[in-house]
Amino acid sequence: MATLVTFHAHPDDESIGVGGVMRKAADEGHRVVLVVATRGENGEVPDDFLANGEQLWERRVVETQAAADILGVQRVEFLGYIDSGMMGTPTNDAPGSFWTAPVEAAAEKLATILREENADVLTVYDDNGGYGHPDHIQVHRVGTRAAELAGTPRVYQNTMNRDQILRGRVFMAENTDDMPDIEGQDNFGKPEEVITAAVDVTKYLDAKRAAMRAHASQISESSFFLAMPDEAFAYGFGTEWFIRAGQGPGITETDLMAGLPT
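First things first, this report covers the structure right here in the doc. Keep in mind it's a predicted model, so treat the numbers as computed, not measured.

Okay, helix H6 (residues 205-214) next. Taken across its ten residues, H6 has seven buried, putting it largely inside the fold. Considered for burial, the residues of H6 that qualify are Leu205, Ala207, Lys208, Arg209, Ala211, Met212 and Ala214. Looking at the buried side of H6, the elements it contacts are helix H1 (13-27), helix H2 (56-71), helix H7 (224-227), helix H8 (230-237) and strand E7 (239-243).

This is the structure we're talking about:
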């Protein structure tokens, strides 16, 4: 049995980004470990959603465990940093925010888990964090350094296929009644030419969507993720994209756990 550790910034990021890879690895007999840098304290939540006296982070921890159970995760850990909020907001510089954490210290926290698990594979984000969120960028910095410290052999940078997004606008417009206008979409992810791994996770889309649904404080039933038709969801989320240093050019891998024992 090999071990996949997947590192994320906030609760729900795991389900959206690599939920299919996680469920696939679990179903194939591998150990799956989820590490989250923050508890998503600065997420937005509808009025009266939380119980009296309940803090958002408390709900998001519960949601994370529920999603993890759906995705076959065997261990969930939080590094204990505070959600830094969107780039350029005052919360970026708040004491304890992940964005202000010294990379070496945060990397050692993650490296400790990687060593405990004897991790074979680690997923992080690309160097722009997918779309420029400070905590996502910090996941890239901290995660890649932690892999160096722990000697983790395979590191995959989860990203979005920018060219597929651009091609998909036409497809989504034809298959979705309410096509959102997402600011900055042209800069999401990375160009297809630099992506080295594409994992087909269509077999696991029911689990992926159910895991998203478990994060009800952030992903409502009327959200883009849950409201889109199944065909459109499969187009947008049926492949998970990664960059692995030293691979390519072009897509040369279709399974992050290929060749590892089960």
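Continuing now.
Turning our eyes to something else, we now look at the side chain of Ser15. Inspection of the secondary structure assignment puts Ser15 in helix H1. The class of Ser15 is buried, set by a relative accessible area of 0%. Leaving out residues up to four positions away in the same chain, Ser15 has contacts with Ala67, Leu71, Lys208, Ala211, Met212 and His215.

Judged by nonpolar contacts, the single largest core of 27 residues is most densely connected at Val21, Phe242 and Leu256. When residues of this core are traced back to their parent elements, those giving at least two are H1, strand E2 (31-38), H2, strand E6 (197-200) and H6. Here this core takes five residues from H1, the largest share from any one element.

Let's shift gears to the pattern of salt bridges. Applying the stated criterion across every chain yields a total of 18 salt bridges. Glu108 is paired through a salt bridge with Arg115; the nearest N and O atoms lie 2.7 Å apart. Exposure remark for Arg115: the relative accessible area of 41% places this residue in the partly exposed category. In this structure, Glu253 engages Arg244 in a salt bridge whose closest nitrogen and oxygen atoms are separated by 2.7 Å. Across the pair, Arg244 and Glu253 agree in class, each one buried.

Turning our eyes to something else, we now look at unusual backbone geometry. One can expect most non-glycine residues to show negative phi and most peptide bonds to be in trans. Pro249 follows Gly248 through a cis peptide bond whose omega is 5 degrees. The residue Pro249 is located in the segment after E7 in this model. One non-glycine residue with positive phi stands out, namely Asp12, at about 95 degrees. Backbone geometry at Asp48 places phi at a positive 65 degrees, although glycine is not the residue there.

Calculation notes
- Residues numbered from 1 in each chain as written.
- Predicted model: local features only at pLDDT ≥ 70, side-chain atom pairs only at ≥ 80, totals over all residues.
- Heavy atoms only, no water.
- Buried < 20%, exposed > 50% of the residue type's maximum accessible area, 1.4 Å probe, protein only.
- Helix = DSSP H or I, 4+ residues; strand = E, 2+ residues; numbered from the N terminus.
- Contact = heavy atoms within 4.5 Å.
- Core = buried A, V, L, I, M, F, W, Y, C linked by side-chain atoms within 4.5 Å.
- Salt bridge = Lys/Arg side-chain N within 4 Å of Asp/Glu carboxyl O.

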